[in-house]
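# Chains, contacts and geometry: an overview
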Amino acid sequence: MVVGLWGCAQVGSPDGGARDTSPPQVLAAEPDFGARQVEPTLLRLVFDEFVQLQDARRQILVSPPLPEPPRARARGREVLVELEGPLASDRTYVIQFGNAIRDLREANVADGLTHVFATGMQLDSGRVSGGVFDAWTGAPSQGARVLLYRDSLPSAVINLALPDSIRPMPEYVGLVNDSGQFDIGYLPKGQFALVAVDDVNGNYRADAGEAMAWSAQTWSSSGTGDSTV
C-alpha cells in the first residue's frame, strides 16, 4: 500500500412508496457527543429508524485503542457499544463506526459516523488526514487501519518476526473509507509516525500476508501544511 498524507491536526417508507435513500440519523446519545469528565463503560446511540450492524468488529474502532475491542449490538433503533477495559485519564476518545451502521429496510449506510467524549476537562482538537491506496493498482485501500505512534516509529512495529507482546500498540487509530481517505481527529498536539495496514485479524499490528505501508517521518497534528508519502 502507499500512503498519501495531508497534515492537519455525522424512516423507512411504506410498501409502494418512494424508496428510502436517507441514512440513519442520530437523535440522542449517552454520553452526549463532546461530553467531558466522563468514563462510560457503555455508549448508547438512538436513531430515527430501525438499524442493523454489518462487519462491526472490523469497522468499529475506539481511539485510543482499548485492551479489548469494543462489543457492539443493534437493538431496534439503538446501537449499544460496550467499551472493554479501563479508560485512561485526561484523554479524548473517539468511537469510529466506519460503514457498520445501516438502516434495516434499505441498508443505507450512516457513513463516517463518529462519537467523541473526554475523560478529562477538555477535548483535544488536533487532526491528521490523508489517503491510502494500493501501490500496484491505485485502488483505494478501503477498510485498512491507520495506526499512529507519538514522536517516532518504533522499529518493532514493522518487524513482523516479533510476537505481539513485543510490538507496541498504536496510540491512536483511524479507518480508511471507501474513497481511500482517512481523517483522524481529536488528537493532542504533537508529531506522529504512521503505519497503514490491512488488519485482517484486528490486532492493531501488521502480520505476514497483510498489506502495509509506513512513514518513519512524523506528521504534525496542528495543521502545518500538506504532505504526501
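Conventions and cut-offs
- Residues numbered from 1 in each chain as written.
- Predicted model: local features only at pLDDT ≥ 70, side-chain atom pairs only at ≥ 80, totals over all residues.
- Heavy atoms only, no water.
- Pairing = 2+ DSSP bridges.
- Helix = DSSP H or I, 4+ residues; strand = E, 2+ residues; numbered from the N terminus.
- Axes fitted to C-alpha atoms, helices over the stretch in contact; angles between N-to-C directions.
- Contact = heavy atoms within 4.5 Å.
- Core = buried A, V, L, I, M, F, W, Y, C linked by side-chain atoms within 4.5 Å.
- Buried < 20%, exposed > 50% of the residue type's maximum accessible area, 1.4 Å probe, protein only.
- Salt bridge = Lys/Arg side-chain N within 4 Å of Asp/Glu carboxyl O.

One key point about sheets: their strands pair by backbone hydrogen bonds, in either a parallel or an antiparallel sense. Pairing within the open sheet is antiparallel, and its 4 strands lie in the order β13-β12-β15-β16. Sheet topology places β13 (172-175) and β16 (212-220) at the edges, where each strand pairs with a single neighbour. Going from strand to strand, the sheet's axes swing by 20 degrees on average, the running direction of each strand aside.

Attention now moves to the environment of Asp-32. In this structure, Asp-32 sits in the loop between β2 (26-30) and β3 (42-47). In this structure the C-alpha to C-alpha distance between Asp-32 and Val-116, which are 84 residues apart in sequence, comes to 8.4 Å. Leave out the neighbours within four places in its chain, and Asp-32 touches His-115 and Val-116.

In this structure, Ile-95, Phe-97 and Ile-101 are the most contacted members of the largest nonpolar core, which totals 22 residues. Listed by contribution, the elements that provide at least two residues to this core are β3, β7 (78-82) and β8 (92-96). Filtering out sequence-adjacent residues up to four positions away, Phe-97 remains in contact with Leu-43, Leu-45, Gln-59, Ile-60, Val-79, Val-81, Leu-113, Thr-114 and His-115. Formed by 14 residues, the second largest nonpolar core is a distinct cluster that contains Val-132, Phe-182, Phe-192 and Ala-196.

This part is about the pattern of salt bridges. Scanning all chains against the criterion turns up 11 salt bridges. For Arg-73, the salt bridge goes to Glu-82, with nearest N and O atoms at 3.0 Å. Its relative accessible area of 37% is what places Arg-73 among the partly exposed residues. The residue Arg-167 makes a salt bridge to Asp-207 at a minimum N-O spacing of 2.9 Å.

Here the focus is the sheet that holds β8. Across the sheet, which stays open at both edges, the 3 strands sit in the order β5-β8-β10 with antiparallel pairing between neighbours. Edge positions in the sheet fall to β5 (61-63) and β10 (114-118), since each has one partner strand and no second. Going from strand to strand, the sheet's axes swing by 15 degrees on average, the running direction of each strand aside. The pairing of β5 with β8 spans 3 bridges and is classified as antiparallel.

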